[in-house]
Amino acid sequence: MKIAVIGGGVIGASAAFEASVVDGHEVHIYEKEDAVGRHQSGHNSGVVHAGLYYSPGSLKARLCRQGVVKLRSFAKEHGVAYKESGKLIVAQSASEVAQLEKIRETAQANGVPGVDWLQDRDIADVEPNVSGLAALRSSQTAIVDYQGITRVLTAEVARRGGELRTGRSVDRVINGPDSAQVHSMGEVESYDRVIVCAGLQSDRIAEASGASKYPLIVPFYGSYYKLNDLDSRLVSHAIYPVPDPRYPFLGVHITPRLDGSFMLGPSAYLSASREGYSSGLINNKDMRSMVGALGFWKMAFTNASQAVKLFPDVVGPANLVRGAKKLVPSMSGHGLVRMERGVRAQAVGASGQLEDDFVLEQVGRVTFLRNAPSPGATSAMALGEELVKMALMDGRK
């Protein structure tokens, strides 16, 4: 069977890898950039989430746990950097302790191993510089080189006879009676199945291919800052606040890097460009996509108070530092080095709701991944398997 995968991020690469393994299908990967992993897969914190937060029974909960196992094994087998640094989620008020209890219950329901409850005195034993009333420790939270994983996955596809077509953007995919046609840069090629993992452009390709306009992609960016050497030595785990349950973002956190340093961020701000990895970038097409959609305005109205609250972070790291110092009071915050932004593809429904779970859609012989927020990268290999199963099962309808 001949299969096309649109998108050379870690999820698209995982789907292509899975398709190349299953019955030896002929697989072609289309990637508009000149190399794989150039967008969300190369602009993230590198965290491998253990599955603490996600609603039991959701795709996120199931595929995150499966994905961790697959990712850890694949990284070890292929020599890609993978480090279990662990994570502390720290509560600093009675209400946050109550919310942390709910997170512990969710982690238990999801079967997350290596999770411990720490009282304030226990926190001091584990992380002497961290301040909080209680904390949840996840020993298996890790960091990994997602771009490295993506490169190895695509190399494995090529080794099995597949083909990586970089510099090849895709306009649309058209279902026919016996095949699906990929339209790319004036050329058309037929496939038995097509899997679209286009990330920040996923709604555009889906709509152009005959699927619904919604969920619409609304880009949110997060700024990252590298801590100075002294601040990086203050902690050994990733340090997270208790997330606000009203919003799908985890808040400002302190995260280890594979080079031994730590970084601060991100939080979430509306981006004026879907691929705006530098400050000040405005993409008129992207702006028109947002302001011309009723679902965007419904979302903006619902989340207006949070947008105003976070706005000061857009112009500098002062609020990020204040948030981090609540967790680690001795942090100086001096000498921060601004890193490249990350941009998250957040799917928004027609009624303005932020889609929380992964969204997969089947249209004829074409399988679309419409929403894959965090833990999308962690879940990538399990999500790729899910997409291939869905394509092979339903593609003949």
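About the cut-offs
Residues numbered from 1 in each chain as written. Predicted model: local features only at pLDDT ≥ 70, side-chain atom pairs only at ≥ 80, totals over all residues. Heavy atoms only, no water. Helix = DSSP H or I, 4+ residues; strand = E, 2+ residues; numbered from the N terminus. Rg over C-alpha atoms; globule rule 2.2 N^0.38 Å. Buried < 20%, exposed > 50% of the residue type's maximum accessible area, 1.4 Å probe, protein only. Axes fitted to C-alpha atoms, helices over the stretch in contact; angles between N-to-C directions. Parallel < 35°, antiparallel > 145°, perpendicular 65-115°, else oblique. Contact = heavy atoms within 4.5 Å. Nonpolar A, V, L, I, M, F, W, Y, C, P; charged D, E, K, R; others polar. Core = buried A, V, L, I, M, F, W, Y, C linked by side-chain atoms within 4.5 Å. Pairing = 2+ DSSP bridges. Polar contact = N/O pair within 3.5 Å; in protein donor to acceptor, adjacent residues only side chain to side chain.

Caption draft 1: View of the overall build of the protein. In terms of helices and strands, the protein carries 12 helices and 23 strands. A compact globule built from 397 residues should have a C-alpha radius of gyration of about 21 Å, and the protein, at 21 Å, falls within 12% of that. Judged by the C-alpha coordinates and their principal axes, the protein covers about 65 × 45 × 35 Å. Expressed as a percentage of its 397 residues, the buried residues of the protein come to 54%.

Caption draft 2: Expanded view of the packing of helix H2 (residues 59–78) against helix H5 (residues 146–159). H5 packs onto H2 with a crossing angle of 75 degrees between their chain directions and a minimal axis gap of 11 Å. Classified by the angle between their axes, H2 and H5 sit roughly perpendicular to one another. Contact residues: H2 offers Leu71, Phe74, Ala75 and His78, while H5 offers Tyr146, Ile149, Val152, Leu153 and Glu156. Looking at side-chain class alone, the contact of H2 with H5 contains seven nonpolar, one polar and one charged residues.

Caption draft 3: Geometry of unusual backbone geometry. Look at the link from Gly265 to Pro266: it is a cis peptide, with omega at -5 degrees. As for its position among the elements, Pro266 is in the loop between strand E18 (262–264) and strand E19 (269–270). Put simply, Ser374 and Pro375 share a cis peptide bond, and its omega is 10 degrees. Notably, Met185 is not glycine yet its phi reads approximately 55 degrees, a positive angle. Within the secondary structure layout, Met185 lies in the loop between strand E11 (180–184) and strand E12 (187–191).

Caption draft 4: Representation of the nonpolar core within the structure. Formed by 58 residues in total, the largest nonpolar core has its most connected members in Ile89, Leu100 and Ile149. With eight residues, helix H12 (residues 380–394) is the single largest residue contributor to this core. Excluding residues within four positions of it along the chain, Ile89 makes contact with Leu52, Tyr53, Leu100, Ile103, Ala134, Ala135, Leu136, Tyr240, Pro241, Val242 and Pro243. Among the nonpolar cores identified, the runner-up in size contains 29 residues, and Tyr225, Ile239, Tyr269 and Met331 belong to it.

Caption draft 5: The arrangement of the pairing of strand E7 (residues 134–138) in detail. Counting buried positions along E7 yields four of five residues, so the element is predominantly enclosed. Relative to E7, strand E5 (residues 87–91) runs antiparallel, the two sharing five bridges. Bridge assignment links Lys87 to a residue of E7, and that residue is Ser138. In this sheet, E7 lies alongside strand E6 (residues 115–119) in antiparallel orientation, the contact comprising five bridges. Its bridge partner being in E7, Gln119 is matched across the sheet by Ala134.

Caption draft 6: Region of the structure containing the sheet that holds strand E14 (residues 216–222). The three strands are arranged E19-E14-E21 in an open sheet whose pairing can be described as antiparallel. Two strands in the sheet have a free side with no partner beyond their single neighbour: E19 and strand E21 (342–348). Both E14 and E19 contribute to a ladder of two bridges, which runs antiparallel. Paired with Phe220 across the two strands is Leu270, which belongs to E19.

Caption draft 7: Main features of the pairing of strand E23 (residues 366–371). Of all six residues making up E23, six are buried, and the element is well covered by its neighbours. Two strands pair when backbone bridges link them, and strand E22 (residues 359–363) and E23 are joined in this way by five bridges, in the antiparallel orientation. Across the sheet, residue Leu360 finds its bridge partner in E23, namely Leu369. Hairpin geometry of E22 and E23 is characterised by an intervening segment of two residues between the two adjacent antiparallel strands and by a positive phi of about 60 degrees at Gly364.

Caption draft 8: Expanded view of the side chain of Ser179. Looking at where Ser179 falls in the secondary structure, it is placed in the loop between strand E10 (172–175) and E11. The class for Ser179 is buried, based on a relative accessible area of 14%. Within the local environment of Ser179, its side chain forms a polar contact with the side chain of Gln181, the two groups lying 2.6 Å apart. With sequence-adjacent residues up to four places away left out, Ser179 is seen in contact with Ile174, Ser190, Tyr191 and Arg365.

Caption draft 9: The arrangement of the sheet that holds strand E8 (residues 142–144) in detail. Strand order in the open sheet made by the three strands is E3-E8-E4, with antiparallel pairing throughout. Whereas interior strands pair on both sides, the edge strands pair on one side only; in this sheet they are strand E3 (47–48) and strand E4 (82–83). Pairing analysis gives two bridges linking E3 to E8, with the strands arranged antiparallel. Paired with Val47 across the two strands is Ile143, which belongs to E8.

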